[in-house]
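Geometric and topological summary
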Amino acid sequence: MDLIAVLADAVRAAVGPQAAVFALAAVGLNLQFGYAGLMNFGQAGFMLVGGYGMTVSVTRYGAPLWLGVLIGLLMGFLLALLLGVPTLRLRGDYLAIATIATAEILRLLFRSEAAAPLTYGVFGVQQFASGFYDLNPFGGGSYGIGRFSLSGGQLWIALVGWLLVAAAVALTALLVSSPWGRVIRAIRNDEEVVRALGKNTYAYKLQALVLGGLMASVAGMVLALASQAVTPDTYTADLSFYAFAVLLLGGVGRVLGPVVGAVLFWLLLAASDSLLRQAITSGVISDELLSTSDVGPIRLALVGIALILFMYFRAGGLLSRRTPKAAATAKAEVAA
Amino acid sequence: MTSSPSGHETTQSILSAQGVQRRFGGLTAVDVDDFVVRGGTITALIGPNGAGKSTFFNVLTGFDRADAGAWQLEGREVTGLPAYRLARQGMVRTFQLTRSLADLTLEENVLLAAPGQRGEGIGGALFGRRSWRRQEADNTERAQELLARFGLEQMAGQPAGVLSGGQRKLLEMARALMSEPRLLLLDEPMAGVNPRLVETLLDHIRQVRAEGTTILFVEHDMDVVADISDDVVCMAFGKVLATGTPAEVMRDPEVIDAYLGSDEAGDDDSARLAGKGRQP
């Protein structure tokens, strides 16, 4: 078995564009769910409209890339309004139902035959991002040391992705440390109290939903650029749940939680994938017990187990301030 | 039947309401023809359970909608305004079941109520950092004073979730005062509070009145009402039965009937109403 290869695979995944995509989606979700308490199960829908908004305007209408990005953002903005305006006056659960349903409807709509003239149907569209990779300052070579290396194109998209993550994190940090952030954290606690103190809670919730949705739209665009493809079935409900998994692993309501979570998520996923494959091909695990095609689902199960362990031992994620022990001592101090 | 507000015409009304109705299906929960709170007073809204006090209270504060009627705050028409706008106009309420914002510290709880904080807008938060920081510094000073006034200054940095029930009542009042209300509406402030804390709360309420804030509170404990209020309004079956000084209202035969006739009021309340002394 080649453990260096396992490590290389894991590190490459953890710093790669995929992790940046998940981090972006989870930073947005953190603003919505972690701070404002909005149950948005439709991050995949925001990623879909972002990715398709950019891609379709570039490929179908010959728009320049920057315009495509703006259209992707506009689509995310409109989706947030569409979801938020009718549901945010209602109880929290309605938003959860509306978001998960809308994201699925969008996916089914985009893969339908009727929409194919615009959306390219089930197979989506590939190799449209030359405009983006033309800007690549790194050229075609390979960067890194030995097996810990990325191609110039991969490095370029990863860099852009992580810079966007940094921007989203900085924006979140500025906002949540401001009085605006105090209001949305208070809304998560008890919305009626906040209304009684003269704040238009509806407007605040809508702002949080829009901001988080825009971040997810950007994530969708990075994903489309990184894979040079948009296909409708990339944006299944699973993607929304992964965003939640990332957030829960890293730390809900912590500024850097989603970043830590995304790195951890991909580290776990890639390491277990690579390790299992190596073990099977080298005969450590026999073929009859497990074949390489089983690895995909099993690695997800492992992430699930990690999530359960986190819930049990560190409910607020890796960056949580509140370990069960700390909470207990805090209670004891107050009692004393 | 409704009696008109009795002869306190000398002071201006801060809150007045006419013909306010709230129906749930066939049931008319609130049907108040005429309701006035005089400025600078402590006014108690009493009545047996199910009288519609809380519903009326919720309608006035924008937490429930009215099916009919109009109400004015300091002469301004405020009928049907959403809760947050009523609060900005100076009409601030608390809740029967105290609601502290458990994850926020005590200081944050109070700061949240500060009016006109520019950093609460997204633009102001991002681009007016210097401006809101200055406001925040002033507000923090006031928040500390308020917390000290309610004996909570030691815990200013703790999350409100660690407070006891009584401390939460105090915090809620400090928070409401931070918003500089003209009219403070307290929904059963003494409910579930131990007798010693009731005294503390009453002292605080008197002090708030002394500073020029009018108080309207819902209560069904007669002792409390008689001790502290200037005016009493008694409701039953959604209507106003009597209005006047505590002594007047408690002598009113209809009020006594309403309390005696209700399953919820214990013999205690009835006895006290009948004039057998106000002290426990």
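Residues numbered from 1 in each chain as written. Chains lettered and ligands numbered in written order. Predicted model: local features only at pLDDT ≥ 70, side-chain atom pairs only at ≥ 80, totals over all residues.

**A short note on the overall build of chain B**
Helices and strands together make up the secondary structure of chain B, namely 11 helices and 10 strands. Scored against the burial criterion, the 280 residues of chain B give a buried share of 45%. Residue pairs at least 24 apart in sequence account for 69% of intrachain contacts in chain B once pairs closer than 6 positions are excluded. (Helix = DSSP H or I, 4+ residues; strand = E, 2+ residues; numbered from the N terminus. Buried ≥ 20, exposed ≤ 12 C-beta atoms within 10 Å, placed from the backbone. Contact = placed C-beta atoms within 7 Å.)

**Notes on the overall build of chain A**
Helix and strand counts for chain A stand at 15 helices and four strands. What you see for chain A is a C-alpha radius of gyration of 21 Å, in line with the 20 Å of a compact globule of 336 residues. Seen through its C-alpha atoms, chain A measures out along the principal axes to roughly 60 × 55 × 40 Å. Here chain A, with 336 residues, has 50% of them falling under the buried criterion. (Rg over C-alpha atoms; globule rule 2.2 N^0.38 Å.)

**A short note on the pairing of strand E10 (residues 239-244) of chain B**
Residues and elements named next belong to chain B. Counting buried positions along E10 gives five out of six residues, so the element sits mostly inside the fold. Judged from the five bridges that link them, strand E9 (residues 231-236) and E10 form a sheet pairing that is antiparallel. Residue pairing across strands places Cys-234 opposite Ala-242, the latter belonging to E10. (Pairing = 2+ DSSP bridges.)

**As for the interface of chain A and chain B**
Facing 22 residues of chain A, the contacting portion of chain B comprises 27 residues. Looking at the side of chain A that touches chain B, the elements with two or more residues in it are helix H8 (152-176), helix H9 (179-189), helix H10 (191-196) and helix H15 (324-335) of chain A. Per element, the largest residue contribution to the side of chain A that touches chain B is seven residues, and it comes from H9(A). Of the residues belonging to the side of chain A that touches chain B, the class tally is 11 nonpolar, five polar and six charged. (Nonpolar A, V, L, I, M, F, W, Y, C, P; charged D, E, K, R; others polar.)

**A few points about the nonpolar core**
Grouped together as the largest cluster of nonpolar side chains are 184 residues, with contacts concentrated most on A:Phe22, A:Leu24, A:Val222 and B:Ala174. Taken domain by domain, the makeup of this core includes at least three residues from each of domain 1 (13-100 + 167-273) and domain 2 (102-162) of chain B. Those residues in contact with B:Ala174, other than ones at most four positions away along the chain, are B:Val110, B:Leu146, B:Leu147, B:Phe150 and B:Leu152. (Core = buried A, V, L, I, M, F, W, Y, C linked by C-beta atoms within 7 Å. Domains from an automatic or database assignment.)

**Regarding the sheet that holds strand E5 (residues 76-77) of chain B**
All names here are of chain B. Strand order in this open sheet of four strands is E2-E1-E4-E5, and the pairing throughout is antiparallel. Each edge of the open sheet is held by one strand with a lone partner, namely strand E2 (27-38) and E5. Of the strand pairs in this sheet, strand E1 (residues 13-24) and strand E4 (residues 68-73) are connected by five bridges, and their pairing is antiparallel. Residue pairing for E4: Gln-21 is matched across the bridge by Ala-68.

**Here's the deal with the domain arrangement of chain B**
Residues and elements named next belong to chain B. According to the domain assignment, chain B consists of domain 1 (13-100 + 167-273) and domain 2 (102-162). Placing a centre on the C-alpha atoms of domain 1 and another on those of domain 2 gives a separation of 28 Å. Across the boundary between the two partners, domain 1 contributes 13 residues, which contact 15 residues of domain 2. The element that contributes the greatest number of residues to the side of domain 1 that touches domain 2 is helix H6 (residues 165-178), accounting for nine residues. For the side of domain 1 that touches domain 2, the per-class residue count stands at seven nonpolar, four polar and two charged.

**Looking at the sheet that holds strand E7 (residues 183-187) of chain B**
In a beta sheet, neighbouring strands pair by backbone hydrogen bonds and run either parallel or antiparallel. Residues and elements named next belong to chain B. Across the sheet, which stays open at both edges, the six strands sit in the order E6-E7-E8-E3-E9-E10 with mixed pairing between neighbours. Each of the sheet's edge strands pairs with one partner strand only, and the pair in question is strand E6 (91-93) and E10. Averaged over all adjacent pairs, the angle separating strand axes in this sheet is 20°, with direction ignored. Sitting on the sheet, helix H7 (residues 195-210) is in contact with strand E3 (42-46), E7 and strand E8 (214-218), with an inclination near 145° to E8. (Axes fitted to C-alpha atoms, helices over the stretch in contact; angles between N-to-C directions.)

**A short note on helix H13 (residues 257-281) of chain A**
For H13(A), built from 25 residues, the straight-helix expectation of 36 Å at 1.5 Å per residue is met to within 8% by its first-to-last C-alpha distance of 36 Å. Looking one or two residues past H13(A), A:Gly283 carries a phi angle of roughly 85°, positive in sign. (Expected span 1.5 Å × (residues − 1).)

**Some thoughts on unusual backbone geometry**
All names here are of chain B. Even without a glycine there, the phi angle at Glu-180 is positive, about 50°. Relative to the helices and strands, Glu-180 is located in the loop between H6 and E7. Positive phi, normally seen in glycine, also occurs at Glu-188, with a value near 45°.

**Focus: the pairing of E2(B)**
Residues and elements named next belong to chain B. In the sheet, E1 pairs with E2 via 10 bridges, with the strands oriented antiparallel. Among the inter-strand pairings, Leu-15 is bridged to a residue of E2, identified as Val-37. Two successive antiparallel strands, E1 and E2, enclose a turn made up of two residues, where Gly-25 displays a positive phi of approximately 60°.

**Topic: the confidence of the model for chain B**
Residues and elements named next belong to chain B. Averaged over chain B, the pLDDT score is 86; the fraction of residues at 70 or greater is 89%. Every residue in residues 1-10 is under pLDDT 50, and counting partners more than four places away or in other chains gives 15 contacts. The low-confidence segment residues 264-280 (pLDDT under 50) makes 21 contacts with residues lying over four places distant or belonging to another chain. Taken over the whole predicted complex, pTM reads 0.88, whereas the ipTM for its chain interfaces reads 0.85. (pLDDT = per-residue confidence, 0-100.)

**Brief notes about the packing of helix H3 (residues 43-59) of chain A against helix H11 (residues 201-227) of chain A**
Residue and element names in this part refer to chain A. Contact pair H3 / H11: the axes reach a minimum separation of 7 Å and the direction vectors enclose 55°. One finds that H3 runs oblique with respect to H11. The chirality of how H3 crosses H11 is right-handed. Residue-level contacts link Gln-43, Phe-46, Met-47, Leu-48, Val-49, Gly-50, Gly-51, Met-54 and Thr-55 of H3 to Gly-213, Ala-216, Ser-217, Val-218, Ala-219, Gly-220, Met-221, Leu-223 and Ala-224 of H11. (Parallel < 35°, antiparallel > 145°, perpendicular 65-115°, else oblique. Left-handed = near helix turned anticlockwise from the far one by under 90°.)

**Considering the confidence of the model for chain A**
In low-pLDDT segments, the atomic positions of the prediction should not be examined closely. Per-residue confidence for chain A gives a mean pLDDT of 89; residues scoring 70 or more make up 95%. Here residues 323-336 of chain A is a poorly scored stretch, pLDDT under 50, and it has four contacts once near neighbours within four places are set aside; other chains count.

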